[in-house]
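Architecture and fold: a report
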Amino acid sequence: MYGLLEVGSFSGDATCVIGAFRGNRGRIQRTSLAHFSGAINTRHRHRRRRSPGSLRGVPRHHADLIAHHLASKAEATLATISVPDEEKSRFGICQVAEDQRITSFVEKPKEPVPGLGSMGIYVFNYDALDRVLLEDRDIATSSHDFGKDILPRMIGRGERVYSWLYKGYWRDVGTLDSYWDAHMDLVSDPPAYDLNDLGWLIHTRSENRSPARFAKGARVEDSLITHGCTILGNAVVERSILSPGVRVGPNATIRDSVVLTDCRIDEGATIERAILDARTRVGAGARIGAAGEALTVTGKGSLVPPQYTIGSGVVIGADVTTDDYPGNAISSGETVYTKRRPHEIR
């Protein structure tokens, strides 16, 4: 018998331990290992007994993963995905035998190696997870990381670690380009991922703001517009995502962009293929980015002066103001940071 564990929460209704380790791919601090292991033991002793087929409340993809883990009689199972060679340096790469048993694991190789990419989602038997965490805690040279230490050690000594190949939609958003790509997937036609799928809902914080408002002549195509947004007369928004509270002025244009909370795009400004962090203010007639070119990014709370041109691939740091910009334009690929000291920024 097993129990379901998602990092930060416990449930006795499923059959395995699932760890959805994100961020830096599953690093666990030394001080948390004993707590983690103790929590597992406590849950293990007091869990309710259920049949292996009882997976009430478990998302369908997790249920398939758990079923594969049980059928393989594995001690640990990794959800994996096919990864192109140019992205393999961002993943743990598993070499897999015909029976799906993992024969080697390399964390973020500098050069591409054959194999599947780890999604950072693992299923462990209780006893196996408890044992390897306690073991790793006592190894002084360990960095206490699943990808760098725990999984390679288990595989190296021949423990039953298996791969489960996931073939559905999934993206790792660890870079600005992949973050932008994931947003564009949502506004493609048809969307690569259906946000209205009631069987696989995304639960996220929704701000308590007024409904979005579209003034006469405003045109919105293939876009997601959230609460509190205002799009004024003759403005155009195409293939873009607007977070809560964004204001788009008259005759402004936004294409192929991600605009975060409370940004303001003034009259006649043009935004193309860009990511604008929260509270960016774009002055009237300014132009940011270019179609088909490298992403342009503005930092949180930055200000773009009226009639100013920012080329493709430019990075504008947080809290940049009018005085921080050179001339009347920035060429492609440049970077601008604020000249103010931290105590001067409000």
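Refer to the preceding data block for the structure.
Quick look at the structure, then. Everything numeric here is computed off the predicted structure, so don't read it as measured data.

**Comments concerning the sheet that holds strand E10 (residues 219-221)**
- The strand order E10-E13-E16-E19-E22-E25-E27 describes an open sheet built from seven strands, whose pairing is parallel. Here the strands that pair on one side only, and so sit at the sheet edges, are E10 and strand E27 (329-330).
- Across three bridges, the pairing between strand E16 (residues 253-255) and strand E19 (residues 270-272) is parallel. Along E19, the bridge assignment pairs Ile 254 with Ile 271.

**Here's the deal with the nonpolar core**
- With 28 residues, the main nonpolar core has Ile 265, Val 282 and Ile 310 as its most contacted residues.
- The contact partners of Ile 265, leaving out residues within four places of it in the chain, are Val 246, Arg 247, Val 248, Gly 249, Ala 252, Ile 254, Val 259, Ile 271, Leu 276 and Val 282.
- Counting residues in each nonpolar core, the second largest holds 16 residues, with Cys 94, Phe 146, Leu 151 and Met 154 among its members.

**Observations regarding the environment of Ala 274**
- Along the chain, Ala 274 falls in strand E20 (residues 274-276).
- With 17 residues separating them in the primary sequence, Ala 274 and Ser 257 have C-alpha atoms 4.8 Å apart.
- Look past the residues within four positions of Ala 274 in its chain and what remains in contact with it is Trp 180, Asp 256, Ser 257, Val 258, Ile 288, Leu 295 and Thr 296.

**What to know about the sheet that holds strand E11 (residues 224-225)**
- Across the sheet, seven strands lie side by side as E11-E14-E17-E20-E23-E26-E28; this open sheet has parallel pairing. Of all strands in the sheet, those with a lone pairing partner are E11 and strand E28 (335-336), marking the two edges.

**Digging into the side chain of Ser 243**
- Here Ser 243 lies in the loop between strand E14 (241-242) and strand E15 (247-248).
- Its relative accessible area of 13% is what places Ser 243 among the buried residues.
- Ignoring sequence-local partners within four residues, the contact set of Ser 243 consists of Thr 226, Cys 229, Val 259, Leu 260 and Thr 261.

**Regarding the pattern of salt bridges**
- Under the defined criterion, the tally for this structure stands at 19 salt bridges.
- Put simply, Arg 219, Glu 221, Glu 238, Arg 239, Arg 255 and Asp 256 are held in one network by salt bridges that share partners.

**Considering the packing of aromatic side chains**
- What the rule picks out here adds up to seven aromatic pairs.
- With a centroid separation of 5.8 Å and an interplanar angle of 40°, the aromatic rings of Tyr 169 and Tyr 193 are classed as tilted. Within this pair, whereas Tyr 169 is found in the loop between strand E8 (161-165) and helix H5 (176-186), its partner Tyr 193 is found in the loop between H5 and strand E9 (213-214), the two being separated by 24 residues in sequence.
- Counting every residue linked through ring pairs, the aromatic cluster contains Tyr 122, Phe 124 and Phe 146.
- A cation over a ring is seen here: Arg 273 above Trp 180, with NZ or CZ 4.2 Å from the ring centre.

Definitions and cut-offs
- Each chain has its residues counted from 1, running along the sequence as written.
- Given that this is a predicted model, residues contribute local features only at a pLDDT of at least 70 and side-chain atom pairs are listed and counted only at 80 or more, while totals for whole chains, interfaces and linings are drawn from all residues.
- Excluding hydrogens and water, the side-chain figures rest on all heavy atoms present in the structure.
- Paired strands, in this sense, are two strands between which DSSP finds at least two bridges.
- A run of H or I in DSSP counts as a helix once it spans at least four residues, and a run of E counts as a strand once it spans at least two, with each numbered from the N terminus.
- Only buried Ala, Val, Leu, Ile, Met, Phe, Trp, Tyr and Cys residues count toward a nonpolar core, and they belong to the same one when joined by side-chain atoms within 4.5 Å.
- Classification of residues uses two cut-offs on accessible area relative to the type maximum, computed with a 1.4 Å probe and protein chains only: under 20% is buried, over 50% is exposed, and between them is partly exposed.
- Here a residue-residue contact requires only that any non-hydrogen atoms of the pair lie within 4.5 Å.
- One side-chain nitrogen of Lys or Arg within 4 Å of one carboxyl oxygen of Asp or Glu is enough to make a salt bridge.
- Classification of ring pairs rests on two measures: the distance between centres of Phe, Tyr or Trp rings, Trp counted by its six-membered ring, which must be within 6.5 Å, and the angle between planes, read as stacked under 30 degrees, edge-to-face over 60 and tilted in between.
- When the NZ atom of lysine or the CZ atom of arginine is within 6 Å of a ring's centre and also within 35 degrees of its normal, the charge is said to sit over that ring.

That's the geometry; what it means functionally is another story.
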